[in-house]
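What follows is the residue order along each chain.
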Amino acid sequence: MSTPPEKSEDKGPSRNFIQQIIDTDRVASKNNGLVRTRFPPEPNGYLHIGHAKSICLNAGLAHEFNGEFNLRFDDTNPAKEEQEYVDAIMEDVRWLGADWEDRLYFASDYFDQLHAWAVRLIEAGKAYVCDLNADQMREHRGTLTEPGKECQYRMRSPEENLDLFERMKAGEFPDGSRTLRAKIDMASPNLNLRDPVMYRIKRAHHHRTGDSWCIYPSYDFTHGQSDSIEKVTHSICTLEFENHRPLYDWFCESLGIYHPQQIEFARLNLSYTVMSKRKLLQLVTEKHVGGWDDPRMPTIGGLRRRGYTSAAIRSFCDRIGVAKAASTIDMAWLEDAIREDLNQHAPRAMGVLRPLKVVIENYPEGEVEYLEAANHPQNPEMGTRTVPFSRELYIEQDDFKEDAPKKFFRLSVGREVRLRYAYFITCTDIVKDSSGNVTELRCTYDPATQGGNAPDGRKVKGTIHWVSADHAANAEVRLYDHLFRVENPNDTPEGGTFLDHLNPNSVEQIANAQLEPALAAAQPGSHFQFERNGYFFVDPVDSATGKPVFNRTATLRDTWAKLSKR
RNA sequence: UGGGGAAUAGUGUAACGGUAGCACUACGGACUCUGAAUCCGUCAGUCUAGGUUCAAAUCCUAGUUCCCCAGCCA
C-alpha cells in the first residue's frame, strides 16, 4: 500500500521509524527476514479513519517487505461484541484494499490454547485465583504514587488454584466473584504489572463461542499470545499500549513461546471531528447524525458514503507519516487527498445548486440545440456529451451581482460572460420581486460565439455554468461541512461536552437543484465534478432509479470566495 | 510528588555528528472555456539553559511543556 522504497542511491523517500526497525531486523536476519503484521480490531463498533491509518500501516508494511498481513478480531469481551460489527469491519478493511487472503483469525479461536497456557502458569506458580471483588481489587492496587498490597489469596498453592480455576470454568461461582491473576509485582511502578487479571467470570453469549465459556481471558492475556500463535513478527499498536509492553513480554517469556515485537505509534487525530468510539457511538445513539455511515462521520462507512475513494484514503495515510509524537492532522489534508483523486477521475457535469432564471431575449422561443461538452477537459479520452440549450436557463445565484466590483468576473447588468460550452451572453436587465430580490435576468446572446469561442477574438473574463430550464433534472443535493465548528471538539470548558461544539450547519439539503438532464440517470456510487461547485457522489442508500441524491464530497478550491471575504 | 512516552515552520513529517529538506495550509504571480487543475515564487522551524566537539536537531547534564497508565474494556 505504501510506496516501496525507490532504487535511487542518493536520497530515497523518507522511512518512518517502524520501517527503519524492520530494515535493521532484516539486516540481522531476525525472523529469517520475514515480516508478518496484523490488524486486530475489537468487533464492538465501526472502523474510522484512525483505524485506516493502522490498516494501511500494517498492510503496507507486509506488502513492502513481501510479507503477510492478517486480520484478527480481538473478541474477548462478549458483552460488547457482535457479529454485525465483524461483518462491517471485514467489508471496510477489504474496501480499503488490505488483503488478508486466507488469514482471517479470531482470538476466540484460541480460547482452548489460552486456557491451557493459563493452567501452565498456575502450575508454575505464576498465576493465582483471587477472591477479591472489583472494589477490593481497586483498593489493593494502590495508586500512581503508592504501591499496591498483596492480598491473602496470593499465596494459594498451585493445587488449590488449579482446582479453583477449573471450578471457575465449570461455572460454580457467580460473575465477578473471582479472577485469575498473574503473580507479578504488587509494588511495580507500572500498574499493569500489579498482578493483572488474566481471566474473569462473565456469563455472556459470545458471538462465536456461544455459551460454551463463562470465563473470558483479558486483553493482556490474549493479545500477545494471539500474535505469537500467528507468528506475527511486528505487532504494531498505538501509544496507549506502551505501558502494556512489559506485560506482553512477560507472558511470552513466562510461557516460553514465540515472542513477537510490539511497536507503538501515535494514533491519528483529525481536526474538526472526534475519533473515540465512545463519542462516535454517542453521536449515533443520540441521533446527532443519521447513523454510523452518515457522510459527516469520520468512519470508513461515512467517508465512503460521502464519496471518498479508498485510493484517496490510502494516499492520505501515506502522506501523514508515522511517528511517536501525538499529533492532530488538519482536515484539509484529507480534503486534498480526495480532490487529487477525483480531479483526475471524476467526469465533469453542470449542476446549478441555487438557481436564478435567465431569459435570452434574442434566442428563438421553442428552439433547442444540443451543444458538445467535454467530460474531462484534461483527459479527452473520457469523451464528450451533449447538453441542451434553449431560451430559458438557470445559472447560479452567486454568478450574478447587481453591484459588481471590478474583480467580479461574472454577470452583472451590461457585462458579458461565457456560458460554458455555449455562448457569450450579456445581461441587459433584471427583474425583481416586491421585496427587491432579483428573480430573473434578461440577457442577449451572440450567435457567433456558439460553442464558446468568439470569431472576432474578443475575450471574456468569466465562464459560468448553466442548465436549460425546460430540460433540467431536479435532484436533491446535500452539502456537507465539518461536523464540529472548532478544530478540537474535545477541548471543552468545565461542565461542557464535545457536543456543545456540534456545527448546526454541517449539512444543508437542497431539495431542487437543477442539473443537466443526463444526471437524472446517474448511477448510485458514481462520482462527478459539478464544474465550479465541487465533487459529488450519488448516494448509494437514498438514491432511487431516476432519482439520484447527490452528496457533496468536497468543494473545489474557491479563490473568489476568499477574495470576496476581504 | 510513581512509571512510561514525546517535543523540528501554522499543521504534519525527514535529516541518525557535517548545507535543516518535503508535503499541507497561508500569501503572491503565470496560465485558463471550471476564479478548478497545472506551473512558478514568498513567508515561516530545531522547547529552554548549560556542556562535549573543528562541527550538535542529532551526544551529555539540568529544566520546561504535552500525552498515556489506578476497568474483572481493548
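Located above this text is the structure these notes cover.
Bear in mind that the values here come from a model prediction, so they are computed numbers and not experimental data. As a convention, each chain's residues are numbered from 1 in the sequence order in which they are written. Just so you know, chain letters begin at A and ligand numbers begin at 1, following the order they were written in. In keeping with the predicted nature of the model, local features appear solely for residues at pLDDT of at least 70, side-chain atom pairs appear and are counted solely at 80 or more, and the whole-chain, interface and lining totals rest on all residues. Side-chain figures throughout are based on the complete set of non-hydrogen atoms in the structure, without hydrogens or water.

1. As for the pairing of strand β1 (residues 36-39)
Throughout, exposure labels follow a simple rule: accessible area from a 1.4 Å probe, protein chains only, divided by the maximum for the residue type, with under 20% read as buried, over 50% as exposed, and the rest as partly exposed. Secondary structure follows DSSP: runs of H or I at least 4 residues long count as helices, runs of E at least 2 residues long count as strands, and numbering of each begins at the N terminus. Neither face of β1 is left uncovered, since the one carrying Arg 36 and Arg 38 and the one carrying Thr 37 and Phe 39 both have all their residues buried. One requirement defines pairing of two strands: DSSP has to find at least two bridges between them. Here four bridges tie β1 to strand β2 (residues 68-73), and the two strands are oriented parallel to one another. Note on β2: the bridge partner recorded for Thr 37 is Phe 69.

2. A few points about the protein's contact with RNA strand B
Near RNA strand B there are 67 residues, and of these Arg 348, Arg 410, Gly 451, Arg 557 and Thr 559 occur at the shortest range. Here a residue is near a molecule or strand as soon as one of its heavy atoms is found within 4 Å of it. Here, RNA strand B places atoms within 4 Å of the protein, and 61% of those atoms are sugar or phosphate. Think of a polar contact as two N or O atoms within 3.5 Å of one another; within protein, one of them needs to be a possible hydrogen donor and the other a possible acceptor, and neighboring residues in sequence only count if both atoms come from side chains. At 2.8 Å, a backbone N or O of Gly 176 approaches a base nitrogen of RNA strand B. The separation between a base nitrogen of RNA strand B and a polar side-chain atom of Gln 529 is 2.6 Å. When residues of the surface near RNA strand B are traced back to their parent elements, those giving at least two are α5 (134-141), β6 (197-201), α12 (331-345) and α13 (559-565).

3. Here we look at the packing of helix α4 (residues 111-123) against helix α6 (residues 158-169)
Fitting a line to C-alpha atoms yields each axis, with helices limited to the stretch in contact; the angle taken between N-to-C directions then spans 0 to 180 degrees. Direction vectors running N to C along α4 and α6 enclose 155 degrees, while the axes themselves pass 9 Å from each other. Accordingly, the angle class assigned to the pair α4 and α6 is roughly antiparallel. Note that α4 runs across α6; the crossing there is right-handed. From α4, His 115, Ala 118, Val 119, Ile 122 and Glu 123 reach across to α6, where they touch Pro 158, Asn 161, Leu 162, Phe 165, Glu 166 and Lys 169. Should an angle fall under 35 degrees it is called roughly parallel, over 145 degrees roughly antiparallel, and 65 to 115 degrees roughly perpendicular, with every other angle called oblique. Crossing handedness is read from the near helix: turned anticlockwise from the far helix by less than a right angle, it gives a left-handed crossing, and turned clockwise, a right-handed one. Contacts are residue-level and defined by heavy atoms, with any inter-residue pair within 4.5 Å sufficient.

4. Focus on empty space enclosed by the protein
A cavity, in this analysis, means grid points on a 1 Å lattice covering only the protein atoms where a 1.4 Å probe fits yet has no way out; a pocket is instead an open set bounded by protein on both sides within 12 Å along at least five of seven lines, and a residue lines either one if it has an atom within 4 Å of a point. Grid points are joined across faces, edges and corners, and a volume is the space filled by probe spheres set on the points. Within this structure, the stated rule accounts for two cavities of 30 Å³ or more. When its volume is computed, the largest cavity comes out at roughly 170 Å³. What lines the largest cavity is a set of 16 residues, and nearest its centre among them are Pro 295, Arg 296, Leu 303, Arg 306 and Met 331. The biggest single contributor to the lining of the largest cavity is α12, with three residues. The computed volume of the second largest cavity comes to approximately 60 Å³. Lining the second largest cavity, in full, are Tyr 219, Asp 220, His 223, Gly 224, His 244, Leu 247, Tyr 248 and Gln 262. For the lining of the second largest cavity, the secondary-structure elements that each account for two or more residues are α7 (219-229) and α8 (245-255). In terms of residue count, α7 provides more of the lining of the second largest cavity than any other element does, four residues in total. Throughout, the ten residues Ala, Val, Leu, Ile, Met, Phe, Trp, Tyr, Cys and Pro are labelled nonpolar, Asp, Glu, Lys and Arg are labelled charged, and all others, Gly among them, are labelled polar. The residue makeup of the lining of the second largest cavity, split by class, is three nonpolar, four polar and one charged.

5. Focus: the pattern of salt bridges
Criterion for a salt bridge: a side-chain nitrogen of Lys or Arg within 4 Å of a carboxyl oxygen of Asp or Glu. Per the counting criterion, the structure on display carries 47 salt bridges. Where Lys 357 meets Glu 392, a salt bridge forms, and the shortest distance between an N and an O atom there is 3.0 Å. Placement of the pair is Lys 357 in strand β12 (residues 355-360) and Glu 392 in strand β15 (residues 392-396), with a sequence separation of 35 residues. Owing to a relative accessible area of 28%, Glu 392 belongs among the partly exposed residues under this scheme. Here Arg 385 and Glu 516 are joined by a salt bridge, their closest N and O atoms 2.7 Å apart. With Arg 385 in strand β14 (residues 384-389) and Glu 516 in the loop between β22 (507-515) and β23 (527-530), this residue pair connects regions lying 131 residues apart in the sequence. Glu 516 matches Arg 385 in its accessibility class, with the two residues each being buried. One connected set of salt bridges, linked through shared partners, spans Asp 293, Arg 305, Glu 476, Arg 478, Asp 539 and Asp 542.

6. Let's talk about the sheet that holds strand β16 (residues 416-419)
Strand order across the open sheet formed by seven strands is β19-β16-β17-β18-β12-β15-β20, with mixed pairing between neighbours. Two strands bound the open sheet, and with one partner strand each, they are β19 (463-464) and β20 (466-468). Sheet topology note: the β16/β19 ladder contains two bridges and is parallel. Within β19, the residue paired with Arg 418 across the bridge is Thr 463.

7. A look at helix α11 (residues 310-320)
Looking only at α11, the buried set comprises Ser 310, Ala 312, Ile 313, Phe 316, Cys 317 and Ile 320. The buried residues of α11 occupy one face: seen down the axis, they fall within an arc of 160 degrees. Close packing links the buried residues of α11 with α2 (49-64), α3 (83-95), α10 (300-306) and α12. Remark: Gly 321 follows α11 within two positions and exhibits a positive phi of approximately 80 degrees. To be clear, the arc concerns the directions from the helix axis to the C-beta atoms.

8. Observations concerning unusual backbone geometry
Among all residues except glycine, the phi angle is most often negative; among peptide bonds, the trans geometry is most common. We note that Asn 66 has phi near 60 degrees; this positive angle belongs to a residue other than glycine. Its place among the elements puts Asn 66 in the loop between α2 and β2. Owing to a relative accessible area of 70%, Asn 66 belongs among the exposed residues under this scheme. Not every positive phi belongs to a glycine, and Asp 195 is a case in point at roughly 50 degrees.

9. Points about the nonpolar core
Counting 41 residues, the largest nonpolar core has Ile 49, Phe 69, Val 93, Leu 270, Ile 313, Phe 316 and Leu 334 as its most contacted members. Top contributing element to this core by residue count: α2, with six residues. For the domain bounds, the source is a domain assignment made automatically or taken from a database. Mapping this core onto the domain boundaries places at least three of its residues in each of domain 1 (17-267) and domain 2 (277-347 + 475-563). In this view, Phe 316 contacts Ile 49, Leu 268, Leu 270, Ile 329, Trp 333, Leu 334 and Ala 337; residues no more than four positions away in its chain are not counted. If you look at the next biggest cluster of nonpolar residues, it comprises 31 residues, including Ala 118, Phe 173, Tyr 248 and Phe 251. We call a set of buried residues a nonpolar core when its members are Ala, Val, Leu, Ile, Met, Phe, Trp, Tyr or Cys and they connect through side-chain atoms within 4.5 Å of each other.

10. Structural notes on α2
A turn of α-helix holds 3.6 residues, and therefore any two residues three or four places apart point the same way. Every helix has an expected span of 1.5 Å times one less than the residues it contains. Taking 1.5 Å of rise per residue, 16 residues should cover 22 Å, and α2 covers 21 Å from first to last C-alpha, within 8% of that figure. Most of α2 sits out of view: 15 of its 16 residues are buried. Backbone geometry just after α2 places Asn 66 at a positive phi near 60 degrees.

11. What to know about the side chain of Asn 161
Structurally, the position occupied by Asn 161 is in helix α6. Given the relative accessible area of 2%, Asn 161 is considered buried. Discounting residues that sit within four places of it in the chain, Asn 161 has contacts with Ile 122, Ala 127, Tyr 128, Val 129 and Arg 156.

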